Structures are given as C-alpha cells and as structure tokens.
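Given next are the chains, with one letter for each unit.
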Amino acid sequence: MNRRARSVLLLTALATTLAAVPALPAAAAPAAHTAAAAPAGYGRPAVITGHADTLHPEGATWDPAHRRFLVGSLRHGTVSAVSPDGTVTPLVDDPAVLVSTVGIHVDAARGRLLVANGDPGVSVRTDPAGSGRIAGIGAYDLATGRRLFYTDLAAVAGDGGPHFANDLAIGPDGTAYVTDSFAPIVYRVAPDGSAGILVRDGRLAAPQGAFGLNGIVRQGRTLLVGKYDDGTLWRVPIDHPRQLSRTTVSGPAGALTGVDGLLADPDGTLRGITNHLGGSGATTRVDLRSTDGWRTARATVRPLTDPAPTVLTPGPGGSVYLLDGRADLLFAGTPVDTFTLRRI
C-alpha cells in the first residue's frame, strides 16, 4: 500500500474507535450475481487479461471443482470468476459486510470460499469514519455465492484499535487462520465461524499506519507468516502458538522486504511475492527452502517486470499464476479496468 493510503489510515485510526459488530446471519446472494462454472477446457493460457470496471483484485485463487479462477476486489468488495478470455462474472456481492475483499481461498472439501475483509480506504464502500478498522472473514457457497457466515474479527480482538484482515490459510479440518495487518494477531476461525485469537504478540506489531502481518501458509501443524513492513518470516506452531519464533532467512539482504502473498509448493518450497506498494521493497518472486522445519530458510530472488504483483495462486494442470491487480494505480487515485493473471 502506498504512503498516501497509509497516511489516511493513520489519521483515521487516531480519530475513530471501533464499534463492535456481531457476526451476521447467512444471507443469499442476488441471483444476478451467481457465476456460472468455467468451461471444462480452461487450458493453461500464458496470460489472462481481465476486464472489469475498476475491479483491482488483490487476492486470487483457483476453484478446481468449477475450473475457474476467482479474484477479489479492493475497489468493490466482491469476488468474481474469470474466464480464459478475461470475462469477469460476479459470484459474491455482499455489501452488508464486505468492503474490500483481500485474501481469498477455496475450501474445496466443503464447497465454500473463504474471504478476508478489510478497508484500506479505497473502496466504493469505504466509510470515511471507519477506514482501517475492519477485519472480518466470510464464508460463501462456491456454487451460488450465498453467505454461510460472517465473523467480525475486530470484535474478537476486542481492543478498539486499527484492524485489517489480510490473508488466510485453511487446515484439513476447515479451520482458517487469518492475519491482521494492523494488529499483531493471527486469528483461528472454526468451520462454523466461531473465532478466537491463536496468537497476539508484540513482536508481530508494525508501526501505526503501516502494514505488518500479511501472507500466511500452513505447513503441517506449523503456520508461516510474512511481515510486510520489515521483511521477516515467522513460525507459529499451531498446537503451541506461544512458541512463536522468527525464521532466520539467509540469502540476499532484504529479500523479504515488502513480502505480500505466500504460496506453499507441493515439494515444500515456499514462494513469496514482494512489492513496493507500501514501502521500499523491490518487485520480486522469492523462493524459500528449509531443511530444519522452518527454523532457518534460504531465499532465492528473481526480479519481476509486473508493476504491482500481490499473490501467486495455483492454476489448472498444476500451473502457478501471478496476479497483478494494479493496486499501485488504485492507491494513486487513477483506477483502471484491467488486471492480469500471468503463468510463471
């Protein structure tokens, strides 16, 4: 996120207090916003150029059951399906709760989509009095976009401070683990939407108005969490979260500065994307490997030409795609109508 957006959030955080809102009941999405399944022959296109009115997705995921990419929207707070030709069809439109959809992940075993909700101040649904105070997770039916539950994580935190739900990881039992970029918290959310704090630790804090905790992945019974502001990687044992520790990363200096999305490869490699949307990081792809359970790791860095990449997502046929939703232009006040998913 750029300096302008961070300044707005800082001023808002000083001027407002969070009003606790209870989790909302399930609600059906309008029929007009139900997406059809992508065609079976999706293929593995080299580049998909999406076309939609100022969508600016920050998160993306692959839906294997319906063979389609899904993308969120910083600007509109929706989730949409993307066809190979770049056609975008809304799936989730839930204005009662969603402001900016950030991290999104498919829970294929349960036929649902989990969505992290925040407010960085650039959405058409932004409340000027509440920007930077929203952290929530919603669960939606993959076939219809109907809301299954929504949980207000800022209310779970209960501290009245700034909050921003950024990314999430899903365990085999359906438990979700959600990062908060404006508070040093990782939440644990049960499959029914009930939630608590897995870990709250001052070492995970970022300067006020800056983005801290960001990408998160699960490796067995361990969570790996990237911290955007200082480029650190943290290891959280799920069964013993108080044993939180920083992973010692060797390789190029500052390799993880500005680390955004994380993706765990089947071979055990941890892939990350760095950008300079909110600081001094470079635009790179970082591959991390560990031989000691992520107590230490070695980084390999590859530069990217994409101007504002945010996440990597699995794709069809074992492929991996890089999302660039042009968040740089959105935060500069010059929104555009295109985004790209590029096979790497």
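Please refer to the structure placed before this passage.
How each quantity is defined
Each chain has its residues counted from 1, following the order in which its sequence is written. At least 70 in pLDDT is required for a residue's local features to be given in this predicted model, at least 80 for side-chain atom pairs to be given and counted, and no such filter applies to totals for whole chains, interfaces and linings, which use all residues. The basis for every side-chain value is the complete set of heavy atoms in the structure, and neither hydrogens nor water enter the calculation. DSSP bridges decide pairing: two strands pair if at least two such bridges lie between them. Note on conventions: DSSP H or I runs of at least 4 residues are helices, E runs of at least 2 residues are strands, and numbering of each starts at the N terminus. Note on definitions: angles span 0 to 180 degrees between N-to-C directions of axes, and those axes are lines fitted to C-alpha atoms, for helices only across the stretch in contact. Accessible area is worked out with a 1.4 Å probe on protein chains only. A residue is then buried under 20% of its type maximum, exposed over 50%, and partly exposed in between. Put plainly, a pocket is an open set of points on a 1 Å grid over the protein atoms alone with protein on both sides within 12 Å along at least five of seven lines, a cavity is a set where a 1.4 Å probe fits but cannot get out, and a lining residue has an atom within 4 Å of a point. Grid points are joined across faces, edges and corners, and a volume is the space filled by probe spheres set on the points. Three categories are distinguished: nonpolar for Ala, Val, Leu, Ile, Met, Phe, Trp, Tyr, Cys and Pro, charged for Asp, Glu, Lys and Arg, and polar for the others, with Gly belonging to the last. By nonpolar core we mean a set of buried residues, namely Ala, Val, Leu, Ile, Met, Phe, Trp, Tyr and Cys, connected to one another through side-chain atoms within 4.5 Å. It only takes one pair of heavy atoms within 4.5 Å for two residues to be counted as in contact. In the analysis that follows, any N or O atom pair within 3.5 Å is treated as a polar contact, provided that within protein one partner can donate a hydrogen and the other can accept it, and provided that, for residues neighboring in sequence, both atoms belong to side chains. Only one rule defines a salt bridge in this text: a Lys or Arg side-chain nitrogen within 4 Å of an Asp or Glu carboxyl oxygen.

Visitor: Go over the sheet that holds strand β6 (residues 100-107) with me, naming the residues and quoting the values.
Guide: Spatial ordering of the open sheet is given by β6-β7-β9-β10, a layout of 4 strands whose pairing is antiparallel. Here the strands that pair on one side only, and so sit at the sheet edges, are β6 and β10 (147-152). Recorded for the sheet is a direction-independent mean angle of 20° between the axes of neighbouring strands. In the sheet, strand β9 (residues 136-141) pairs with β10 via 5 bridges, with the strands oriented antiparallel. Bridged to Gly136 within β10 is Asp152.

Visitor: A description of the environment of Thr151 should follow, citing residues and the corresponding values.
Guide: The topology assignment puts Thr151 in strand β10. Taking the C-alpha atoms as reference points, Thr151 and Ala139, separated by 12 residues in sequence, lie 8.9 Å from one another.

Visitor: Give a detailed account of the sheet that holds strand β1 (residues 47-51), specifying residues and quantitative values.
Guide: An order of β1-β25-β24-β23 is seen for the 4 strands of this open sheet, with the pairing classed as antiparallel. Where the open sheet ends on each side, the last strands, each with one partner, are β1 and β23 (309-314). Looking at each pair of strands side by side, their axes are set apart by 20° on average, direction ignored. Summarising the sheet, β23 and strand β24 (residues 320-324) pair through 5 bridges and their orientation is antiparallel. Across the sheet, residue Pro314 finds its bridge partner in β24, namely Val320.

Visitor: I'd love a proper account of the pairing of β1, names of residues and values included.
Guide: Side chains Ile48 and Gly50 project from β1 onto a buried face, and the interleaved Val47, Thr49 and His51 project onto a face without burial. Of the pairings in the sheet, the one linking β1 to strand β25 (residues 338-343) comprises 5 bridges and is antiparallel in character. Opposite Val47, over in β25, you have Arg342 as the bridge partner.

Visitor: Provide a residue-level description of the layout of surface pockets, including the pertinent values.
Guide: Of the volumes computed, that of the largest pocket is approximately 680 Å³. Looking at the largest pocket, it is lined by 31 residues, and the ones nearest its centre are His105, Val106, Ile170, Leu263 and Pro314. Every element with two or more residues in the lining of the largest pocket is listed here: β2 (60-63), β6, β11 (163-170), β15 (213-219), β19 (259-264) and β23. The dominant element in the lining of the largest pocket, judged by the number of residues it contributes, is β6, at 5 residues. Here the lining of the largest pocket is composed, by residue class, of 19 nonpolar, 8 polar and 4 charged.

Visitor: Explain the nonpolar core to me, and be specific about the residues and the numbers.
Guide: In terms of nonpolar packing, the biggest core is built from 18 residues, with Leu114, Ile137, Leu153, Leu168, Val178, Tyr187 and Val189 touching the most fellow members. When contributions to this core are tallied by element, the ones reaching two or more residues are β7 (112-118), β9, α2 (153-157), β11, β12 (176-180) and β13 (185-189). Excluding its chain neighbours within four sequence positions, the residues that come into contact with Val178 are Ile137, Leu153, Ala165, Asp167, Leu168, Ile185, Val186, Tyr187 and Val189. Listed in part, the 15 residues of the second largest apolar core include Ile48, Leu55, Val311 and Leu341.

Visitor: Lay out the side chain of Asp201 with the relevant residues and their values.
Guide: Relative to the assigned elements, Asp201 resides in the loop between β14 (195-200) and β15. Asp201 gets classed as buried once you look at its relative accessible area, which sits at 19%. There is a polar contact of 2.8 Å between the side chain of Asp201 and the backbone nitrogen of Arg203. The residues contacting Asp201, other than those within four sequence positions of it, are Pro184 and Leu244.

Visitor: Lay out the pattern of salt bridges with the relevant residues and their values.
Guide: Evaluation of the coordinates by the stated rule reveals 15 salt bridges. A salt bridge links Asp63 to Arg68; its shortest N-O distance comes to 2.9 Å. Looking at Arg68, the relative accessible area reads 0%, which means it is buried. As a salt-bridge pair, Asp93 and Arg125 come within 2.5 Å of each other at their nearest N and O atoms. With Asp93 in strand β5 (residues 88-93) and Arg125 in the loop between β7 and β8 (133-134), the pair connects residues that are 32 residues apart, well separated along the chain. Overall, the relative accessible area of 23% leaves Arg125 in the partly exposed class.

Visitor: With reference to specific residues and values, describe the pairing of strand β21 (residues 284-289).
Guide: When you tally the buried positions in β21, you get 5 out of 6 residues, the bulk of the element. By the bridge criterion, 6 bridges tie β21 to strand β22 (residues 296-303) in an arrangement that is antiparallel. What sits directly across from Asp287, in β22, is Thr300. Adjacent in sequence and paired antiparallel, β21 and β22 are bridged by 6 residues, among which Gly293 carries a positive phi angle near 70°.

Keep in mind these values describe shape, not function.
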